[in-house]
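Tertiary structure, described
Here's the letter readout for the chains.
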Amino acid sequence: RKRDILDHEGWLERKTADGVSYYHNGTTGELTWDMPDEMKNEGQIEYDSGNWVWFPDSTDGYVPAQVINRRNDGRVEVQLENGETAVSRRGQTLAKLVRSSLAKLER
């Protein structure tokens, strides 16, 4: 276990009673559901790269979207996973999305 802590800058993967992974940093005391970058391989880092947000959708509530342009008027242009583009309303807050966290939902 000591080797794991050194290799991942204090981060360890833990499991809830239901078997869901979460991450604990023994050095800082931080807890997170999202795998820290220090524990990710190159492929996982690439998958999470880019500025991803949750974008409102009239059918699904919210959908993953990648920010492609932040306009001067405060609106944000995004590309949805289906390839379509959309633009937020002025001043609309879009929640940050860590793409790898979606893998938890697919289980």
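The structure we're discussing is the one just above.
Because the structure is a prediction, the values reported are computed rather than measured. (Residues numbered from 1 in each chain as written. Predicted model: local features only at pLDDT ≥ 70, side-chain atom pairs only at ≥ 80, totals over all residues. Heavy atoms only, no water.)

A word on the overall build of the protein chain. When its secondary structure is counted, the protein chain shows three helices and seven strands. Looking at the protein chain residue by residue over its 107 residues, the buried ones come to 27%. Of the contacts formed within the protein chain by residues at least 6 apart in sequence, a portion of 29% connects residues at least 24 apart. (Helix = DSSP H or I, 4+ residues; strand = E, 2+ residues; numbered from the N terminus. Buried < 20%, exposed > 50% of the residue type's maximum accessible area, 1.4 Å probe, protein only. Contact = heavy atoms within 4.5 Å.)

Here we come to the nonpolar core. Val53, Phe55, Val63, Ala65, Val67, Val76, Val78, Leu80, Ala86 and Leu94 form the largest nonpolar core, which has ten residues in total. Listing elements by their share of this core, those giving two or more residues are strand 4 (52-57), strand 5 (61-70) and strand 6 (76-80). Excluding residues that lie within four positions of it along the chain, Leu80 makes contacts with Phe55, Val63, Pro64 and Ala65. (Core = buried A, V, L, I, M, F, W, Y, C linked by side-chain atoms within 4.5 Å.)

Once that is clear, we can look at the sheet that holds strand 2 (residues 21-25). Reading across the sheet, the three strands line up as 1-2-3 and stay open at both edges, with antiparallel pairing between neighbours. Here the strands that pair on one side only, and so sit at the sheet edges, are strand 1 (11-15) and strand 3 (31-32). Where strand 1 meets strand 2, five bridges bridge the pair, whose relative direction is antiparallel. If you follow Trp11 over to strand 2, its bridge partner there is Asn25. (Pairing = 2+ DSSP bridges.)

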